Amino acid sequence: MKKTKQLYEGKAKKVYLTDSPELLIVEYKDDATAFNGLKKGSIAGKGVINNQMSNRLMERLEQAGIPTHYVEELSERETVVKKVSIVPLEVIIRNISAGSFSKKYGVEEGIVFDQPTIEFSYKNDDLGDPLLNDYHALALKLATPEEIETIKKYAFQVNEVLKAFWNECGITLVDFKLEFGKTSDGSIILADEISPDTCRLWDSKTKEKLDKDRFRRDMGGVEDAYSEVMNRLLNHK
Ligand code: TMP
Ligand code: ASP
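Cut-offs and rules
- Position labels on residues start from 1 in each chain and follow its written sequence.
- By the order in which they are written, chains take letters starting at A while ligands take numbers starting at 1.
- In keeping with the predicted nature of the model, local features appear solely for residues at pLDDT of at least 70, side-chain atom pairs appear and are counted solely at 80 or more, and the whole-chain, interface and lining totals rest on all residues.
- In computing side-chain values, all of the structure's heavy atoms are included and hydrogens and water are not.
- Axes here mean lines fitted to C-alpha atoms, for a helix over just the part in contact, with angles spanning 0 to 180 degrees between N-to-C directions.
- Under the scheme used here, helices are H or I runs from DSSP no shorter than 4 residues and strands are E runs no shorter than 2 residues, and both carry numbers assigned from the N terminus.
- The hand of a helix crossing depends on one turn: near helix anticlockwise from the far one by less than a right angle means left-handed, and clockwise means right-handed.
- Contact criterion: two residues are considered in contact whenever any of their non-hydrogen atoms come within 4.5 Å of each other.
- Here the nonpolar group is Ala, Val, Leu, Ile, Met, Phe, Trp, Tyr, Cys and Pro; Asp, Glu, Lys and Arg are the charged ones; every other residue, Gly included, is treated as polar.
- A pair of strands is treated as paired once DSSP finds two or more bridges between them.
- Geometry of aromatic contacts follows a simple scheme: Phe, Tyr and Trp rings, the Trp one being its six-membered ring, pair when their centres are within 6.5 Å, and the pair is stacked under 30 degrees between planes, edge-to-face over 60, tilted otherwise.
- Using a 1.4 Å probe on the protein chains alone, a residue whose accessible area is under 20% of its type maximum counts as buried, one over 50% counts as exposed, and one in between counts as partly exposed.
- What makes a residue near a molecule or strand is one non-hydrogen atom of that residue sitting within 4 Å of it.
- Pairs of N or O atoms within 3.5 Å make up the polar contacts considered here, provided that, within protein, one atom can donate a hydrogen while the other can accept it, and that residues adjacent in sequence are counted only when both atoms are side-chain atoms.
- Surface accessibility follows the Shrake-Rupley procedure with a 1.4 Å probe radius. Residue values consider only the protein chains on display as shielding.
- Think of a salt bridge as a Lys or Arg side-chain nitrogen and an Asp or Glu carboxyl oxygen that are within 4 Å of each other.

**Q** Tell me about the packing of helix H1 (residues 46-63) against helix H4 (residues 145-168), and please be specific about residues and values.
**A** Relative orientation of the contacting elements H1 and H4 amounts to 115°, with a least axis distance of 10 Å. With respect to the hand of their crossing, H1 and H4 are arranged in right-handed fashion. The residues of H4 that touch H1, namely those facing Met-53, Leu-57, Arg-60 and Leu-61, are Val-158, Val-161, Leu-162, Phe-165 and Trp-166. Among the residues forming the contact of H1 with H4, the class breakdown is 8 nonpolar, no polar and 1 charged.

**Q** Let's hear about the sheet that holds strand E2 (residues 13-18): which residues, and what values?
**A** Spatially, the 5 strands line up as an open sheet ordered E1-E2-E3-E7-E6, and their pairing is antiparallel. In this open sheet, the two strands that pair with only one neighbour each are strand E1 (3-9) and strand E6 (70-73). Pairs of neighbouring strands in the sheet enclose a mean axial angle of 30°, with direction left out of account. Pairing between E6 and strand E7 (residues 78-82): 3 bridges, direction antiparallel. The residue of E7 that forms the bridge with Glu-72 is Val-80.

**Q** Outline the side chain of Thr-198, supporting the account with residue identities and numerical values.
**A** Here Thr-198 shows up in the loop between strand E13 (188-191) and strand E14 (199-203). Those residues in contact with Thr-198 that sit more than four places away from it in its chain are Asp-175, Phe-176, Lys-177, Asp-192 and Glu-193.

**Q** Please provide a residue-by-residue account of the packing of aromatic side chains, values included.
**A** The final tally for this structure, using the stated rule, is 4 aromatic pairs. Taken together, a centroid distance of 4.8 Å and an interplanar angle of 65° make the contact between Phe-101 and Tyr-105 edge-to-face. On the criterion of helical spacing, the pair formed by Phe-101 and Tyr-105 is a turn pair, its members being 4 residues apart in helix H2 (residues 99-105). A relative accessible area of 17% places Phe-101 in the buried class. When the centroid spacing of 5.0 Å and the interplanar angle of 55° are considered together, the rings of Phe-101 and Phe-113 count as tilted. On the criterion of sequence distance, the pair formed by Phe-101 in helix H2 and Phe-113 in strand E10 (residues 112-122) is long-range, its members being 12 residues apart. Put simply, the rings of Phe-101, Tyr-105 and Phe-113 touch in pairs and so form one group of aromatic residues.

**Q** Break down the site of ligand 1 for me, citing the residues and quoting the values.
**A** Close to ligand 1 lie 14 residues; Arg-94, Ser-100, Asp-175, Lys-177 and Arg-200 are nearest. One of the side-chain N or O atoms of Ser-100 is found 2.6 Å from an oxygen atom in ligand 1. Within the side chain of Asp-175, a nitrogen or oxygen atom sits 2.6 Å from an oxygen atom of ligand 1. Within the complex, 75% of the 450 Å² of free accessible area of ligand 1 lies under protein. Elements that contribute at least two residues to the shell around ligand 1 include exactly strand E9 (89-96), H2, strand E12 (171-182) and E14. Of the residues in the shell around ligand 1, the class split is 4 nonpolar, 3 polar and 7 charged.

**Q** Go over the site of ligand 2, please, and point to the residues and values.
**A** Taken together, the residues surrounding ligand 2 are Lys-11, Thr-33, Ala-34, Phe-35, Asn-36, Gly-37, Lys-212 and Arg-216. Side-chain polar atom of Lys-11 to an oxygen atom of ligand 2: 3.3 Å apart, as the coordinates give it. One nitrogen or oxygen atom from the main chain of Asn-36 is found 2.7 Å from an oxygen atom belonging to ligand 2. Against a free-state accessible area of 270 Å², the protein chains account for coverage of 74% of ligand 2. Among the residues forming the shell around ligand 2, the class breakdown is 2 nonpolar, 3 polar and 3 charged.

**Q** Now, about the pattern of salt bridges: what can you tell me, with residues and values included?
**A** Tallied over the full model, the rule gives 30 salt bridges. Close ionic contact of Lys-46 with Asp-197 constitutes a salt bridge, the shortest N to O distance being 2.6 Å. Here Lys-46 is found in helix H1, whereas its partner Asp-197 is found in the loop between E13 and E14, with 151 residues between them in sequence. On the basis of relative accessible area, Asp-197 is assigned to the buried category, the value being 9%. Linked by salt bridges that have partners in common, Arg-94, Glu-109, Glu-119, Asp-175, Arg-200, Lys-209, Asp-213, Arg-216 and Arg-217 make up one network.

Pasting the structure below:
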C-alpha cells in the first residue's frame, strides 16, 4: 500500500490517496486545535496515541458488529482506511453533563443521565458546526431518513461497547463525537477517529479529566493524560 497524493489536510490528520481506489491512508498529526481552530497548539506524541487508540477501539467495535472504515495500521501514525464520503454530521452522544451541554442548559458538569442523549451538528467549519435536528439534516439533504436511523442505531451501539470497555479500564465515558461515511456501495460505516480528542474520559475514581479538555481549558498535564489513557487501554486484558 503506497500513498500517491495528498487528498486533504485537516486540523489533526492528513489524508492520502493510495494505489488502491477504494482505500486511503490517514496520517495523525500532533497538532491540536479548539474552538473551531481559534486556539492552536501541539500535543507531543498525540498523533501516535490517537492513531493506535482509535484503531484498537475500531477493532473492538467491528467485533461487536459495527462496521468501521478501519483496515490496517501501517505505522505509528498511519492507517489504511476504506474510502468513504463523510456524512457532514457530527454525531454526539452524552452519558453525563459536560462541555457545551452544561454551558447551553446551565447545569453543572457530572450529572449522570438516566439514558444517553444524541445530537447532531452540521459539519461545516465556516458556520461553526451549528447544532441541528433530524428535520434540518433532511431539509439540507445531508443524509436520507434511512441513513439517519442507521447512524443513530450505530452511535448508541458504539456507546454501549465503549462505555463497557472504558469502565473496565477505570475510565468513565462522559461523551464523544462520531463521524460516519458512505462507501461506494452506499452503506454507512463509522469513520474518522475515536480518541481523547473526540471523547471526554474521566478517571472513574478521582473524576480527573484524561482528555482534550486539559488542552481546551489550559489545565496542563495534557501529554500525561493521553499517555495514561493509552496505558490503561494497553493494560486491558
Ligand atoms: P461539546 O460538549 O463541546 O459539545 O463536545 C462534546 C464531545 O464532542 C466531546 O467529547 C468533545 C467532542 N468534540 C469533538 O470531537 N470535536 C469538536 O469539534 C467538538 C466541539 C467536540
Ligand atoms: N477540534 C475542534 C476545533 O478546533 C474543536 C474541539 O475539539 O474542541 O475546532
